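Structural overview
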Amino acid sequence: MVHLARPRPPPALLPRASRPPLSAALPLPLLPPPSLASLLLAAVDSSPSLRHLRSLHGLLVRLPLPAHSLPYLLSRLLRRFAALPPPHAPLPYALSVFSAHAPPDPFLAAALLRFALLTQPPLIPFRLFSRLLRIPRDGLPFLPFAFSPLAKSAAAARSLPAVQAAHAASILLGGFDKHRFVENSLIGAYVTCGDIGAARKVFDEMVVKDVISWTSIVVAYSKSGDMGSAEEVFAQCPVKDMVAWTAMLTGYAQNSMPAKALEVFDRMATIGMGIDEVSLTGAISACAQLGAVRRAAWVQEIAERNGFGQNVVVGSGLVDMHAKCGLIDEARSVFDGMQEKNVYTYSSMIVGLASHGRAKEAIALFKDMVRRADVVPNHVTFIGLLTACSHAGMVRDGRFYFAQMKDKYGILPSADHYTCMVDLLGRAGLVDEALDLVRSMTVEPHGGVWGALLGACRIHGNTDVAKVAAEHLFKLEPEGIGNYVLLSNTLASAGKWDEVSKVRKLMRSRGLKKDPAVSSFEGRDGLVHQFFAGDNSHPRTNEIKKALLELAAKLKHAGYVPILTSIVYDVSDGEKERLLMGHSEKLALSFGLLTLGSRCTIRIVKNLRICEDCHLFMQLASRVEQAEIIVRDNMRFHHFKDGECSCGGFW
């Protein structure tokens, strides 16, 4: 039976709303239907689950697909397997995908190695590669893309021999070491494994270099601390993208060159280069190192203007930056304003509060943190918590949280945690107990542990334990000048000048020189002024020293008596007092008062620990000049106000 379509009434008889548009009456070109292969490819790329992909795999091997389409689709199938969240497809199943296709296909081989790189432990791709090598060469010619997973796998394992093996294989199996994709992978792997010379050799022999090649070498030199070579390569780079600029910025920041890092960041902003999370984090780190308030405000403004105000990584960095710039209340304001917080955000805030001597606030924040179901404390959190206890002399609380760390949260104490506990006990005068703790450690003590013990001996004049700590430090850190200085100062305070002479002779024999004390002060214009001990290089030196002497005279009327034991040289009392007046933080304070006046806030950053005499000097100056003086030394912050210090005597 033939069914006839119902006749359609002419357009004039249709209701107006039902009439087709004029364009519908025109003939449309017939588009070719999508091919079966393209439909299957779209299905593979959008597949939501492992089960769905397995079903597609079964379909692929049963359908009559063109010979050239199947290996490509199977390669994409393996790629999609690797992109799914765990649990991934098991490796034997991925091998079955490869092995079921005959003859062996080079695209599938490269996809199999990439699958192993992304889903298996490091160096598993090498095992697979060894199996592939057993296939006759005429049956499986390799593609250059097969060698990149090998290089990246070796880098993930931090195995230089494996990188060299991948490099050799790329040469022997087709000369693919001259393929730019492979060359870039090899450079990155050599950089990761610390062989800068090999990375540079690959780079120099490249016929065509792209921005990835140039940037990788910049990163290589940055990681090794050779910023001079990094600058040279960066200057020669013909095309500099945001990644290349960011590599220089973070290189400067990571190598303690914050001013240079901020110069790069400023240049990026000037030329309109994009700003991302990584570059912002580098600039934030530089501001934190400098302790420069105005620079910090500038970086925060850029972060907010570029839409990173609520980014949890940037926000955590801003909390840390404000805290290290002495703006602990501003740090708390940023923290409280963040909609999303993670363990790093909380840890940054706890560490910041600890460094400012706000131990009770740090503990309260920790308690608030553990009440949240979505944030679990980590090892950094407890370092901040134990540091807070140490800086406030809270021995009982420190012992409690040290035990709770392991018993309640399953975090095994690292050498850094032991350092905090040794510091806590030592500062409280429990030097022998601190030594017993070191001897009972479940991990090998590093220099930080023995350094904390030596520092406690310096505070409490325990020369016997100081010698024990120093003996270990000289073995662990033979070039650590600070250890020799600390032992020398401890012995000098006890009047053991013969032993001081021996330590200083040892320093000279090893060619060690003491790091010069330097303090920095940020002026109203954002310019950072640096002062070295006994420095005469500042253009206003005469004014600064005159103002300092006048200030010292006022403080003596207020009860200031120089603490001459802060000078550890066997010289006259008059010479000791003269040397004390040349301390870098006093010069910075004098310049701050000279330029800002009384009743102001002066922020000083010092690279070494503030001495007892300067600490007393700052306390009295804050009362006499009615100024708030904030000093960040290499241990913590000191907020001097009305003749008191936030450290409470624990520093």
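Along each chain, numbering runs from 1 in the same order as the chain's sequence is written. Reporting in this predicted model follows two pLDDT cut-offs: at least 70 for local features of residues, and 80 or more for side-chain atom pairs to be given and counted; totals over whole chains, interfaces and linings ignore these cut-offs and use all residues. Think of the side-chain values as coming from all heavy atoms in the structure, minus any hydrogens and water.

As recorded in an unreviewed UniProt entry, the protein chain goes by DYW domain-containing protein and comes from Triticum aestivum.

This part takes up the UniProt feature "repeat: PPR" (unreviewed entry) in the protein chain. UniProt positions are given in the numbering used here, feature names are shortened, and annotations may be inferred rather than shown by experiment. As recorded in UniProt, the feature "repeat: PPR" (unreviewed entry) lies at residues 241-275 and 342-377. Secondary structure elements are taken from DSSP: a helix is a run of H or I of four residues or more, a strand is a run of E of two residues or more, and numbering for both begins at the N terminus. Secondary structure across residues 241-275 divides into 74% helix and 0% strand, with the first and last C-alpha atoms of the span separated by 11 Å. Along residues 342-377 the backbone is 69% helical and 0% strand, and the end-to-end C-alpha distance reaches 9 Å.

On a regular strand, one side chain projects to one face of the sheet and the next to the other, so that they alternate. Two strands qualify as a pair provided DSSP detects at least 2 bridges between them. Both strand β1 (residues 518-522) and strand β3 (residues 601-606) contribute to a ladder of three bridges, which runs antiparallel. The residue of β3 that forms the bridge with Phe 521 is Ile 604.

Let us look at the packing of helix α9 (residues 180-192) against helix α10 (residues 196-204). Only the stretch in contact is used when a helix axis is fitted, and all axes are lines through C-alpha atoms; the angle between N-to-C directions ranges over 0 to 180 degrees. Where α9 meets α10, the axes come as close as 8 Å, and the angle between the chain directions of the two elements is 165°. Classed by the angle they form, the pair α9 and α10 counts as roughly antiparallel. The hand of the α9/α10 crossing is left-handed. Packed against α9, whose contacting residues are Glu 183, Ile 187, Tyr 190 and Val 191, the element α10 presents Ala 198, Ala 199, Val 202 and Phe 203 at the interface. Charged means Asp, Glu, Lys or Arg here, nonpolar means Ala, Val, Leu, Ile, Met, Phe, Trp, Tyr, Cys or Pro, and polar covers whatever is left, Gly included. The residue makeup of the contact of α9 with α10, split by class, is seven nonpolar, no polar and one charged. Angle categories: roughly parallel below 35 degrees, roughly antiparallel above 145, roughly perpendicular from 65 to 115, and oblique for all the rest. Throughout, a crossing is termed right-handed when the near helix is turned clockwise from the far one, and left-handed when it is turned anticlockwise from it by less than a right angle. Any two residues having at least one pair of non-hydrogen atoms within 4.5 Å are treated as being in contact.

This part takes up the pattern of salt bridges. Any Lys or Arg side-chain nitrogen located within 4 Å of an Asp or Glu carboxyl oxygen qualifies as a salt bridge. Under the definition given, this model contains 22 salt bridges. Two residues, Arg 305 and Glu 301, come together in a salt bridge whose shortest N-O distance is 3.3 Å. Taken together, the residues Arg 305 and Glu 301, both in helix α16 (residues 293-305) and four residues apart, mark about one turn of the helix. One salt-bridge network, in which partners are shared between bridges, spans Asp 177, Lys 178, Lys 201 and Glu 205.

Pairing is mixed across the open sheet formed by six strands, whose spatial order is β2-β1-β3-β4-β5-β6. The open sheet is flanked by β2 (528-532) and β6 (644-645), the only strands paired with a single partner.

Our next topic: the packing of aromatic side chains. Here a pair means two rings of Phe, Tyr or Trp (six-membered ring of Trp) with centres within 6.5 Å. Their orientation is stacked below 30 degrees between planes, edge-to-face above 60, and tilted elsewhere. Inspection of every chain in the model, using the stated rule, returns 20 aromatic pairs. Ring centres 5.1 Å apart and planes at 80° place the aromatic pair Phe 335 and Tyr 346 in the edge-to-face group. Of this pair, Phe 335 sits in helix α18 (residues 328-337) while Tyr 346 sits in helix α19 (residues 343-355), placing them 11 residues apart in sequence. Only protein chains enter the accessibility calculation, which uses a 1.4 Å probe; a residue is then buried when its area is under 20% of its type maximum, exposed when over 50%, and partly exposed in between. Given the relative accessible area of 2%, Tyr 346 is considered buried. Judged by centre distance (4.1 Å) and plane angle (10°), the ring pair of Phe 474 and Tyr 484 falls under stacked. In this pair, Phe 474 sits in helix α26 (residues 463-476) while Tyr 484 sits in helix α27 (residues 481-493), placing the two residues 10 residues apart along the sequence. Classification of Tyr 484 by relative accessible area gives buried; the value is 0%. A network of ring pairs unites the aromatic residues Phe 366, Phe 382, Phe 400, Tyr 401 and Tyr 409 as a single cluster. Look at NZ for Lys and CZ for Arg. If either is within 6 Å of the ring centre and within 35 degrees of the ring normal, a charge sits over the ring. Its end group placed over the ring of Phe 335, Lys 341 keeps NZ or CZ at 5.1 Å from the ring centre.

Attention now moves to the environment of Gln 289. Summarising the element assignment, Gln 289 is placed in helix α15 (residues 277-290). By relative accessible area, which is 27% here, Gln 289 ends up partly exposed. In this structure, the C-alpha to C-alpha distance between Gln 289 and Phe 640, residues 351 residues apart in sequence, is 21 Å. Setting aside chain neighbours within four positions, we find Gln 289 in contact with Ala 253, Ser 256, Met 257, Pro 258 and Arg 632.

Further remarks concern the side chain of Thr 387. With respect to the helices and strands, the residue Thr 387 is situated in helix α21 (residues 379-392). Polar side-chain contacts of Thr 387 include one of 2.6 Å to the backbone oxygen of Ile 383. Once residues within four sequence positions are removed from consideration, Thr 387 is found in contact with Ala 354 and Cys 420. Polar contact is defined as a pair of N or O atoms within 3.5 Å, subject to the rule that within protein one atom must be able to donate a hydrogen and the other to accept it, and that residues adjacent in sequence are counted only when both atoms are side-chain atoms.

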